[in-house]
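The lines below spell out each chain.
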Amino acid sequence: MFYAIDILGTIAFAISGVLVALSKRMDPFGILIIATVTAVGGGTLRDVLIGETPVSWMLNLNYIYVILVSTVLTIIFKTKIDYLRKSLFLFDTIGIGLYTVVGVEKGITAGLNPIICIALGTMSACFGGVIRDILCNEIPVIFRKEIYATACILGGLTYFLVRKLPIDNNVVFIIAGLVVITVRLLAVRFKVTLPSLYK
Amino acid sequence: MFYAIDILGTIAFAISGVLVALSKRMDPFGILIIATVTAVGGGTLRDVLIGETPVSWMLNLNYIYVILVSTVLTIIFKTKIDYLRKSLFLFDTIGIGLYTVVGVEKGITAGLNPIICIALGTMSACFGGVIRDILCNEIPVIFRKEIYATACILGGLTYFLVRKLPIDNNVVFIIAGLVVITVRLLAVRFKVTLPSLYK
Amino acid sequence: MFYAIDILGTIAFAISGVLVALSKRMDPFGILIIATVTAVGGGTLRDVLIGETPVSWMLNLNYIYVILVSTVLTIIFKTKIDYLRKSLFLFDTIGIGLYTVVGVEKGITAGLNPIICIALGTMSACFGGVIRDILCNEIPVIFRKEIYATACILGGLTYFLVRKLPIDNNVVFIIAGLVVITVRLLAVRFKVTLPSLYK
């Protein structure tokens, strides 16, 4: 089940990359690259920083296949994609929940401090979008608005709090992921953003 | 012989970096950095992602020497460089042909799937220019026009098709490289580009 | 003592990141990320390129704590920070002196050629600022003005010249660091810059 959700997250991330790339008038190759870095960029950075190479999408080709199909379908049906905006937002939110917890667990496996694990989880979930925005010559959107990284950080904290309880590891995984998802959904629903500190 | 071509490719990439950096009014240090990342950036990213570190230009200093000399000469003779535009284009094209096949073979040595090997070859050939454009605050040119990555992908595919034939590995190398070079030369000659999908 | 200076350098780099991020109207999370990459980005790139992973700030949490506190205090006292401009400049200069020599020594430990070691030292000191500027959608400032990288390169050269003398390694370290600091202070004092070669 986790695996199916992972794929949904990858699809949502890839589609968001395609939409940004289209708006920048990129050619099909550029669109595919942007879709790929959006979907796997965060996890790639995480793997490189902890030294787990070759990075994971090179060893499990399903990500590449899913990104390829998502990109082609999004390009073909781009005028229809607006109808899917709500589903996409949901996939994307589920995706960051899942990516966060996967990143946290990779950090634990590498024997790193909880603070670093939470940073790795947040990085996995958020940096695909950061690299997408840099390649498209924009200041990364998550640095300026939206409760996004904050949701990941709260989910990561939850993971370490809950795992001290005598419960199964899969349950810890689910609870932490749900915290990320819930915080993000509530923040968007009630239009909560972090304040800009510039005056 | 391959080695001499490799050096020609490095020279062409370094010069293209110097020309972009000059147009951005960078100082000599900035120009040298841009020349270096253009020439070795793609291979560096490839090495980091597959975990082959220290990256190759740290172990073979010839790249650095060639880049240094190319940068100084290009700065001195920059008003004359226009006369070389055709030779440079040829070097550059030969360079991407060679870099593509070298990247594909590195992937094979690392035991990776052919699709990933082709991605690594394309990355080796194209991402130096991508990093150059990002450092110069431009949307990477290969995402918007020119058959460039497409030529690399076709060359990589050719590599895997041809190597099933009972022929020497060096011949496979040459054929795949020639496909990259031919596709790019023909595309530029007949002004073929990938269509922008934005409407 | 070196350690205390290292912390001063990290503080100065983090504060410079916060100030740039504030001017770009980023939210608190974005500011923290920019502060972090400015402070640890150069060393992270160095570690990744030579294959020393997990990268150093993941193993020694003091950097993260220092960055966190510096960021919060800078945001709170941002209207007062102008009074500190001179101290900050001094910290920053001491920081690059120290980062340069640390980078050079990491290269030596990895058995790399002196030229590559000097490149690693310069990278450690300068690339945090480069990544900061890219994330903020600016052409990196060190590519356009200021004797900054040049000071690091001269310090690196000094390191290799002086270490041939029969003196203690710590003294070599200090002399090379002082060269970086002195060159930078003199360059800023007398407004020496590298010329732009664009005409």
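Residues numbered from 1 in each chain as written. Chains lettered and ligands numbered in written order. Predicted model: local features only at pLDDT ≥ 70, side-chain atom pairs only at ≥ 80, totals over all residues. Heavy atoms only, no water.

> Before we go on, may I ask you to explain the overall build of chain A in this structure?
Per the secondary structure count, chain A includes eight helices and zero strands. Sequence-ordered secondary structure for chain A, helices as α and strands as β, is α-α-α-α-α-α-α-α. Expected size for 199 residues packed as a compact globule is a radius of gyration near 16 Å; at 16 Å, chain A falls within 12% of this value. In terms of principal-axis extent, the alpha carbons of chain A reach across some 50 × 45 × 30 Å. Looking at the 199 residues of chain A, the share that counts as buried comes to 53%. (Helix = DSSP H or I, 4+ residues; strand = E, 2+ residues; numbered from the N terminus. Rg over C-alpha atoms; globule rule 2.2 N^0.38 Å. Buried < 20%, exposed > 50% of the residue type's maximum accessible area, 1.4 Å probe, protein only.)

> Is there a simple way to explain the interface of chain A and chain B in this structure?
Often the size quoted for an interface is simply the accessible area lost on bringing the parts together. Each side of the interface is counted separately: chain A has 29 residues, and chain B has 31 residues. Interface area for chain A against chain B, summed over the two sides, is near 2500 Å², with a carbon-plus-sulfur share of 75%. Among the residues of chain A in contact with chain B, Asp27(A), Phe29(A) and Met58(A) are the three that bury the most area, contributing 25% of the side total. Counting across the interface, chain A meets chain B through zero salt bridges. Scanning the region where chain A abuts chain B turns up two residue pairs in polar contact (both at pLDDT 80 or more). (Contact = heavy atoms within 4.5 Å. Buried area = accessible area lost by both parts, 1.4 Å probe. Salt bridge = Lys/Arg side-chain N within 4 Å of Asp/Glu carboxyl O. Polar contact = N/O pair within 3.5 Å; in protein donor to acceptor, adjacent residues only side chain to side chain.)

> I'm lost on helix H6 (residues 114-135) of chain B in this one. Help?
Note that an α-helix has 3.6 residues per turn; residues three or four places apart therefore point the same way. Residues and elements named next belong to chain B. For H6, spanning 22 residues, the distance from its first C-alpha to its last is 31 Å, which sits close to the expected 32 Å at 1.5 Å a residue. In the structure, H6 departs most strongly from a straight axis at Cys 126, where the bend amounts to approximately 45°. Within H6, 18 of the 22 residues are buried, leaving the element largely enclosed by the surrounding structure. N-capping of H6 is provided by Asn 113, with a side-chain oxygen placed 2.8 Å from the backbone N of Ile 115. (Expected span 1.5 Å × (residues − 1). Bend = angle between axes of the 7 residues up to and from the residue.)

> I tried to follow the relation of the copies chain A and chain B on my own but got confused; where do I start?
Each of the two chain copies can be generated from the other by rotation about an axis followed by a shift along it. Rotating chain A by 120° about the axis while translating it 0.0 Å along that axis superimposes it on chain B, leaving an RMSD of 0.0 Å. Each copy turns onto its partner about a three-fold axis. In this assembly the copies use different faces: only 10% of the residues contributing to the interface of chain A also contribute to that of chain B. (Least-squares fit on C-alpha atoms with pLDDT ≥ 70 in both.)

> Looking at this structure, how should I read the relation of the copies chain A and chain C?
Rotating chain A by 120° about the axis while translating it 0.0 Å along that axis superimposes it on chain C, leaving an RMSD of 0.0 Å. Taken as a fraction of all interface residues of chain A, those also at the interface in chain C reach only 10%, which identifies the copy contact as different-surface.

> Can you help me understand the nonpolar core in this one?
Where a protein is soluble and globular, its nonpolar side chains tend to be buried together. Ranked by size, the top nonpolar core spans 177 residues in total, and within it Trp57(A), Trp57(B) and Trp57(C) carry the most contacts. Excluding anything up to four places from it in sequence, Trp57(C) contacts Leu49(A), Ile116(A), Met123(A), Val40(C), Thr44(C), Tyr63(C) and Ile64(C). (Core = buried A, V, L, I, M, F, W, Y, C linked by side-chain atoms within 4.5 Å.)

> What's the story with the UniProt feature "transmembrane region" (unreviewed entry) in chain A in this structure? I'm lost.
The residues that UniProt annotates with the feature "transmembrane region" (unreviewed entry) are residues 6-22, 29-45, 57-76, 110-135, 147-165 and 171-190 of chain A. Secondary structure over residues 171-190 of chain A splits into 95% helix and 0% strand, and the C-alpha atoms at its two ends are 28 Å apart. (UniProt positions renumbered as here; feature names shortened; annotations may be inferred.)

> Quick question: what am I supposed to make of helix H4 (residues 62-76) of chain A here?
All names here are of chain A. Taking 1.5 Å of rise per residue, the 15 residues of H4 would be expected to cover 21 Å, and the 21 Å separating its terminal C-alpha atoms lies within 8% of that figure. Turning to H4, its buried residues are Tyr 63, Ile 64, Val 66, Ile 67, Ser 70, Thr 71, Thr 74 and Ile 75. When H4 is viewed along its axis, its buried side chains cluster within an angular range of 160° and face the same direction. (Arc of directions from axis to C-beta.)

> Help me understand the side chain of Asp47(C), please; the structure alone is not making it clear to me.
Take Asp47(C): it is sitting in helix H2 (residues 28-50). Not counting residues within four places of it along the chain, the set of residues in contact with Asp47(C) comprises Glu52(C), Val55(C), Ser56(C) and Lys106(C).

> What am I meant to see in the interface of chain A and chain C here?
Contact with chain A, which involves 31 residues of that partner, is made by 29 residues of chain C. Regarding the contact of chain A and chain C, the summed buried area is about 2500 Å², with carbon and sulfur atoms giving 76% of it. The interface formed by chain A and chain C includes two residue pairs in polar contact (both at pLDDT 80 or more). Within the residue set of the side of chain A that touches chain C, elements represented by two or more residues are helix H2 (28-50), helix H6 (114-135) and helix H7 (149-162) of chain A. Looking at which element gives the most residues to the side of chain A that touches chain C, the answer is H6(A), with eight residues. Taken together, the residues of the side of chain A that touches chain C break down into 21 nonpolar, five polar and five charged. (Nonpolar A, V, L, I, M, F, W, Y, C, P; charged D, E, K, R; others polar.)

> Whenever I open this one, the pattern of salt bridges confuses me. Can you help?
Close approach of charged atoms allows side chains of opposite charge to pair. Under the definition given, this model contains 15 salt bridges over all chains. For Lys24(B), the salt bridge is made with Glu138(B), and the minimal N-O distance between the two is 2.5 Å. Taken together, the residues Lys24(B) in the loop between helix H1 (2-23) and helix H2 (28-50) and Glu138(B) in the loop between H6 and helix H7 (149-162) connect sequence positions 114 residues apart. Here Glu138(B) falls in the partly exposed class, since its relative accessible area comes to 34%. Between Arg132(B) and Asp133(B) there is a salt bridge; the shortest N-O distance is 3.0 Å. What you see here is one network of salt bridges that share partners, running through Arg46(A), Asp47(A), Glu52(A) and Lys106(A).

> Looking at this model, I keep getting lost on the packing of aromatic side chains. Mind explaining?
Centre-to-centre distance and the angle between the planes together describe a pair of aromatic rings. Counted under the stated rule, the structure contains six aromatic pairs over all chains. With centroids separated by 5.7 Å and ring planes inclined at 70°, the aromatic side chains of Tyr159(B) and Phe160(B) adopt a geometry described as edge-to-face. For Tyr159(B), a relative accessible area of 2% puts it in the buried group. An angle of 85° between the planes, with centres 5.0 Å apart, marks the rings of Phe13(C) and Tyr99(C) as edge-to-face. Highlighted residues: Phe13(C) in helix H1 (residues 2-23) and Tyr99(C) in helix H5 (residues 85-109), separated in sequence by 86 residues. Here the two residues Phe13(C) and Tyr99(C) agree in accessibility, since each one is buried. (Phe/Tyr/Trp six-rings, centres within 6.5 Å; stacked < 30°, edge-to-face > 60°.)

> What's the story with the packing of H2(B) against helix H4 (residues 62-76) of chain B in this structure? I'm lost.
To describe two helices that pack against each other, one gives the angle between their axes and the distance between the axes. Residue and element names in this part refer to chain B. For the pair H2 and H4, the least separation of the axes is 10 Å and the interaxial angle reads 130°. One finds that H2 runs oblique with respect to H4. Seen from above, H2 lies across H4 with right-handed handedness. Contact with H2, carried on its side by Ile 31, Leu 32, Ala 35, Thr 36, Ala 39 and Val 40, involves Tyr 63, Ile 67, Leu 68, Thr 71 and Ile 75 of H4 and no other residues of that element. Across the contact of H2 with H4, the residue classes tally to nine nonpolar, two polar and no charged. (Axes fitted to C-alpha atoms, helices over the stretch in contact; angles between N-to-C directions. Parallel < 35°, antiparallel > 145°, perpendicular 65-115°, else oblique. Left-handed = near helix turned anticlockwise from the far one by under 90°.)

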